[in-house]
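Summary of the model geometry
Residue-level listing of the chains:
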Amino acid sequence: MYINIHFLHTLRMVKPMSLWEKDLNKTSLPRIENDKDVETLIIGGGITGLSTLYFLQHQQNTILVEANLCGSGVTLKTTGKLTYLQNTIYTDLTNNIDYETAVDYLKSQKYAICLAKKIIEKEHIDCNLEQVDSFVFTNKKKEIKKLKSEKEFLESQNIKVNWEEKKDFNSISVSDTFVFHPIKYTNALKELLKDKIYEQTKILKIKKHQGKYICYGKNFKIIAKKVIVACHYPFFFYPFCLPLKSHIEKSYMIAKKVTKNPKISGITVSNPALSFRFYEENKKCYQICLASSHKTSKDQNDSKNFRIVKEKYDIKEEDIVSVWSNVDIITGDKLPFIGEIKKNFYIATGFNTWGMTNGILAGEMLSKFVLKEKVPFKNLFTLKRSNFYQIKSFFGNMIGSAISFIGSKKHQKEWYHENPTFLKIKGKSVGIYTDEHNKKHLVYTTCPHMGCSLIFNEQEKTWDCPCHSSRFSIDGKCIKGPSTKDISYKD
Ligand SMILES: Cc1cc2nc3c(=O)[nH]c(=O)nc-3n(C[C@H](O)[C@H](O)[C@H](O)COP(=O)(O)OP(=O)(O)OC[C@H]3O[C@@H](n4cnc5c(N)ncnc54)[C@H](O)[C@@H]3O)c2cc1C
């Protein structure tokens, strides 16, 4: 009985993992066992942390620590486009901030693509880098004006833009953009820099002491003069207060088999976006189809969202290769935060789903901060900026957090029919997931980060936090921050 109901709600015959996951280098580098004293500590081995280490590789006494495996965070679940055509960002920035900011952002994204290409060429990284035409399209009449405005902006910056008008959609496209395999890229950096990387090494808290930072792990501490936080969502609230400056957006993806690679990638004008790209390997072609993006505070029913992707792209069950979801941090003004939080303490976050370009760029910027060199685009991404859209989103984010907090507590039991089930043990909320072998997996369902109730993601079999995107396995191991603690039930 349970199995039948369950199948009505999830997609069949699919592996809940990203298309890139099979290629992740799963051989773990050593973990930190003893205390260390270093010049610079980078926390987080995603595209941002690894790129930073790449630019700092010749600096003595610089190390990177990664809680799990390098590349296993948000970067593992990206679509892997390297493009400056990002919906209609330049029109939005012009309208919301000013024309100069839009021009600077365009320059930063083109610069980042050049950086990525340079690293890939110099290090001979085989990561399926492929030049493709990027499209932004719409089938809504009211969005045509915005699309035209994006075209005009790009042309004012001497970019050749194609305009297409078809019966059922309009589009703009540019040709100097790329797609790649993000994990082959991070694997290569991990191999290149392995002497300076420690994996399975999580930082739990940081304290300032006598002008240095003491970074505590479970059984060790690292004393560092300079710290770079590249862990996607910082695990501390103060002094940066990211939950008040951003919200989390979740998207759902299905990779399906296709017969050929048309060498294009695309995205719609506005949210919730449809976004796609193709990937070719060993003469097999796949299309990654993304849809149903939403604020995590607004919708927490994962199974429904996966079904929406399937319907939007008319995907046949037998063509599905893998399914997965991913989250990114969206800032009020759509610009990342890259810079100094306090003396010798730096962060890069809030990539607004464009962290391939921005993560690599952040790597170069953060290295220049540390080396006290001139930092490109410093003012554009400064943490100290304040504009109307940031202030406006501040209140929205507060309300959103409250909605996630209350909503998660209110809905969870109704959605899941018979699995998982919930109960209270010694006053604590516990969720029980029963697997296909009838084994019961018990976890506490309150997120250790800020107390939101966790949602069970039926498709990927994880416990997800709707407020700040922490994720836990069915046995309670924390597999994505900002939480630094597990939720395993202890009798
Ligand atoms: C659906 C979706 C599609 C996207 N597609 C694109 C795209 O096509 N192009 C593009 O440019 N961008 C895209 N992005 C955005 C991009 O994937 C992300 O912005 C980027 O991967 C973030 O990289 P990161 O290095 O900052 O974070 P991560 O990859 O998450 O790396 C952070 C690392 O820090 C580690 N960590 C966390 N806490 C600790 C701790 N306490 N101690 C030690 N280590 C810790 C984690 O384990 C993790 O490995 C997409 C995002 C989403 C959600």
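Here is a short report on the structure shown in this document. (Residues numbered from 1 in each chain as written. Predicted model: local features only at pLDDT ≥ 70, side-chain atom pairs only at ≥ 80, totals over all residues. Heavy atoms only, no water.)

Look at helix α2 (residues 47–55) against helix α8 (residues 355–370): their axes get within 7 Å of each other, and the N-to-C directions meet at 35 degrees. Helix-helix and strand crossings are classified by hand; for α2 and α8 the assignment is right-handed. Across the interface between the two elements, Ile47, Thr48, Ser51, Thr52 and Phe55 of α2 pack against Gly355, Met356, Gly359, Ile360, Ala362, Gly363, Glu364, Leu366 and Ser367 of α8. Partitioned by chemical class, the residues of the contact of α2 with α8 number six nonpolar, seven polar and one charged. (Axes fitted to C-alpha atoms, helices over the stretch in contact; angles between N-to-C directions. Helix = DSSP H or I, 4+ residues; strand = E, 2+ residues; numbered from the N terminus. Left-handed = near helix turned anticlockwise from the far one by under 90°. Contact = heavy atoms within 4.5 Å. Nonpolar A, V, L, I, M, F, W, Y, C, P; charged D, E, K, R; others polar.)

Taken together, four strands build an open sheet; the order of strands is β21-β22-β23-β24 and the sheet is antiparallel. Two strands lie at the open edges of the sheet, namely β21 (455–457) and β24 (478–480), each paired on one side alone. Geometrically, the sheet is characterised by an average inter-axis angle of 35 degrees between neighbouring strands, direction not taken into account. Alignment of strand β23 (residues 471–473) against β24, held across two bridges, turns out to be antiparallel. Bridge pairing links Arg471 to Lys480 in β24. (Pairing = 2+ DSSP bridges.)

A word on the pattern of salt bridges. In this structure the tally under the stated criterion is 22 salt bridges. The partner of Glu281 in a salt bridge is Lys184, and the shortest N-O contact between them spans 2.9 Å. Of this pair, Glu281 sits in strand β13 (residues 275–281) while Lys184 sits in helix α6 (residues 182–192), and the two are 97 residues apart along the sequence. Its relative accessible area of 16% is what places Glu281 among the buried residues. In this structure, Asp464 engages Lys250 in a salt bridge whose closest nitrogen and oxygen atoms are separated by 3.1 Å. Highlighted residues: Asp464 in strand β22 (residues 462–464) and Lys250 in strand β11 (residues 246–258), separated in sequence by 214 residues. By the burial criterion, Asp464 is buried, and Lys250 matches it. In the salt-bridge network here, residues are joined through shared partners; they are Lys77, Lys250, Asp302, Glu460, Asp464 and Arg471. (Salt bridge = Lys/Arg side-chain N within 4 Å of Asp/Glu carboxyl O. Buried < 20%, exposed > 50% of the residue type's maximum accessible area, 1.4 Å probe, protein only.)

Here the focus is the state of the cysteines. Scanning the model with the defined rule gives one disulfide in all. Shown here is the disulfide that connects Cys452 with Cys467, its sulfur atoms set 1.9 Å apart. In this structure the cystine formed by Cys452 and Cys467 twists about its S-S bond by roughly -105 degrees; its chirality is therefore left-handed. Here Cys452 is found in the loop between β20 (440–444) and β21, whereas its partner Cys467 is found in the loop between β22 and β23, with 15 residues between them in sequence. Like Cys452, the residue Cys467 is buried in the burial classification. With no disulfide of its own, Cys70 has Cys231 as its nearest cysteine by sulfur position, at a separation of 13 Å. (Disulfide = S-S within 2.5 Å.)

All right, on to the packing of aromatic side chains then. Inspection of the entire model under this criterion finds 22 aromatic pairs. For the pair Phe235 and Phe236, a centre-to-centre distance of 5.4 Å together with 80 degrees between the ring planes defines the contact as edge-to-face. With relative accessibility at 15%, the residue Phe235 sits in the buried group. According to the relative accessible area criterion, Phe236 is buried, its value standing at 16%. Here the aromatic rings of Phe236 and Phe345 are separated by 5.8 Å at their centres, their planes lie at 55 degrees, and the arrangement is tilted. Pair noted here: Phe236 is in the loop between β10 (221–229) and β11 and Phe345 is in strand β17 (residues 345–349), with a separation of 109 residues, a long-range link. A single burial state applies to Phe236 and to Phe345, both of which are buried. Above the face of the Tyr84 ring, Lys110 is positioned so that its terminal group lies 4.9 Å from the ring centre. (Phe/Tyr/Trp six-rings, centres within 6.5 Å; stacked < 30°, edge-to-face > 60°. Lys NZ or Arg CZ within 6 Å of the ring centre and 35° of its normal.)

Function cannot be read off these values alone, since they describe shape.
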